[in-house]
Amino acid sequence: MIDLPLLARGKVRELYEVDADSLLLVASDRLSAYDVVLPTTVPDKGAVLTGLSVWWFEQLADVVPNHLVTARTAEFPAALRPHADELRGRSMLCRRLQMVPVECVARGYLTGSGLQDYAATGGICGEQLPPGLQDGSRLPAAVFTPATKAAVGDHDENVSYDAVVATVGAELAAELRRVTLAVYDRGAALAAERGILLADTKLELGHDSSGRLVLGDEVLTPDSSRFWPADGWRPGRAQPSFDKQYVRDWLDASGWDRTAPGPELPAEVVERTRDKYVEAYERLTGSSFDSWLRESSS
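So, here is what we can say about the structure in this document. Within each chain, residue numbers correspond to sequence positions counted from 1 in written order. Totals for whole chains, interfaces and linings use every residue, but because this is a predicted model, local features are given only for residues with pLDDT of at least 70 and side-chain atom pairs only at 80 or more, for both listing and counting. Just so you know, side-chain values use all the structure's heavy atoms and leave hydrogens and water out.

1. Things to note about the packing of helix 4 (residues 161–168) against helix 5 (residues 170–193)
Each axis is a line fitted through C-alpha atoms, taken for helices only over the stretch in contact, and angles between the N-to-C directions span 0 to 180 degrees. Note on conventions: DSSP H or I runs of at least 4 residues are helices, E runs of at least 2 residues are strands, and numbering of each starts at the N terminus. Axis separation between helix 4 and helix 5 bottoms out at 7 Å; the angle between their running directions is 130°. Between helix 4 and helix 5, the angle falls in the class oblique. Where helix 4 crosses over helix 5, the handedness of that crossing is right-handed. Residues Y161, V164, V165 and V168 of helix 4 lie in contact with helix 5, whose contacting residues are A170, L172, A173, A174, L176 and R177. An angle below 35 degrees is treated as roughly parallel, one above 145 as roughly antiparallel, one from 65 to 115 as roughly perpendicular, and anything else as oblique. Each crossing is labelled by how the near helix is turned from the far one, with a counterclockwise turn of less than a right angle marking it left-handed and a clockwise turn marking it right-handed. Whether two residues are in contact is decided by their heavy atoms: any pair within 4.5 Å suffices.

2. Observations regarding the sheet that holds strand 6 (residues 68–70)
Should DSSP find at least two bridges between two strands, the strands are taken to pair. With antiparallel pairing, five strands are arranged side by side in an open sheet as 1-2-3-7-6. Each edge of the sheet is formed by a strand with only one pairing partner; in this case those strands are strand 1 (6–9) and strand 6. Going from strand to strand, the sheet's axes swing by 30° on average, the running direction of each strand aside. Sheet topology places strand 3 (residues 22–27) next to strand 7 (residues 91–95); five bridges connect them, and they run antiparallel. Within strand 7, the position partnered with L23 by the bridge is C94. Docked against the sheet, helix 1 (residues 45–59) engages strand 2 (13–17), strand 3, strand 6 and strand 7, running at close to 45° with respect to strand 7.

3. Quick look at the pairing of strand 2
Regular strands have side chains that alternate between both faces of the sheet. Alignment of strand 1 against strand 2, held across three bridges, turns out to be antiparallel. Its bridge partner lying in strand 2, R9 is registered against E14. Connecting strand 1 to the next strand, strand 2, in antiparallel fashion are three residues. Relative to strand 3, strand 2 is paired through five bridges, and the arrangement is antiparallel. From the neighbouring strand, R13 faces strand 3, where its bridge partner is A27. Taking the residues between adjacent antiparallel strands as the criterion, strand 2 and strand 3 are bridged by four residues.

4. A short note on the pattern of salt bridges
Definition used for salt bridges: Asp or Glu carboxyl oxygen within 4 Å of a side-chain nitrogen of Lys or Arg. For the coordinates displayed, the defined rule picks out 18 salt bridges. A salt bridge links D200 to R226; the shortest N-O distance between them is 2.8 Å. Note that D200 is positioned in strand 13 (residues 196–207) and R226 in strand 15 (residues 225–229), a separation of 26 residues in sequence. Of the two residues, D200 and R226, neither departs from the other in class, the shared state being buried. E279 is the salt-bridge partner of R283, the closest N and O atoms lying 3.8 Å from each other. Residue R283 and its partner E279 are located together in helix 7 (residues 267–285), separated by four residues, close to a single helical turn. Given a relative accessible area of 31%, R283 falls into the partly exposed group. A network of salt bridges, in which partner residues are shared, links R9, E14 and R30. Relative accessibility thresholds used throughout: buried, under 20% of the residue-type maximum; exposed, over 50%; partly exposed, between the two (1.4 Å probe, protein chains only).

5. Things to note about the pairing of strand 9 (residues 104–109)
Burial within strand 9 is extensive, with six of its six residues counted as buried. In terms of strand pairing, strand 9 meets strand 13 through four bridges, oriented antiparallel. Its bridge partner being in strand 13, C104 is matched across the sheet by L203. Two elements, strand 9 and strand 12 (residues 138–144), share three bridges in a ladder whose sense is antiparallel. For Y109, the partnering residue across the bridge sits in strand 12 and is R138.

Printed below as a string of structure tokens:
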């Protein structure tokens, strides 16, 4: 057990106070679906999310600053070194941020809750889209589709851009939209070079002590994004994916009503999901997952 004040426990992460300026973000192997934390964990999932976030922070450094101080356990404060084995690969020492109370979502393809919104209104979050789109259709351009931040056990809800303006003001709302779409565009371009489509992604943004808008939490991981193999993309159906869509599909077929507690996952679903997470890491970064585990302990 980590001997630091626990500030927050989210669906899949714990946040600890290190000192007045820094926090420790630890990614567990828990899995959430439809905003419910499932009782079955996926081995190494937390390390995949952390390793990918660290890699993406580097790729996005010229787009938006981030909160990462280090993810190498050897560089952690002395008080954390007794926990090095527990933290290896799955933890980041980060600067404190004042988080913006908006889920910043960018969509380049139509699926998920965006598809449901489109079927009901002809658009997403008040952004009108062309008629005749299907599940998996590429959008004419990526759109900013914000959502509320839900507490554990509650569901995020899509909201209009005007609602974001009402919450944070016009100037910050415009900057949230600009940064979110810039991150999506960079992520989609890099993923495309590796034969992967970035369907959508969700960002967490906050202000640091100097007032800069900074990228926090995770970024462009299989938990916060939908990644599809480009060679398997066929609009009009559910797409094969590198994220937890495999779990969502199994849950949908199981008859679960999407209320807590969720069902236990079969071993083959857990193994397949782990393989998808690791494959996403290795295809995107071009490095082996084992190399990340070694690097993070150096």
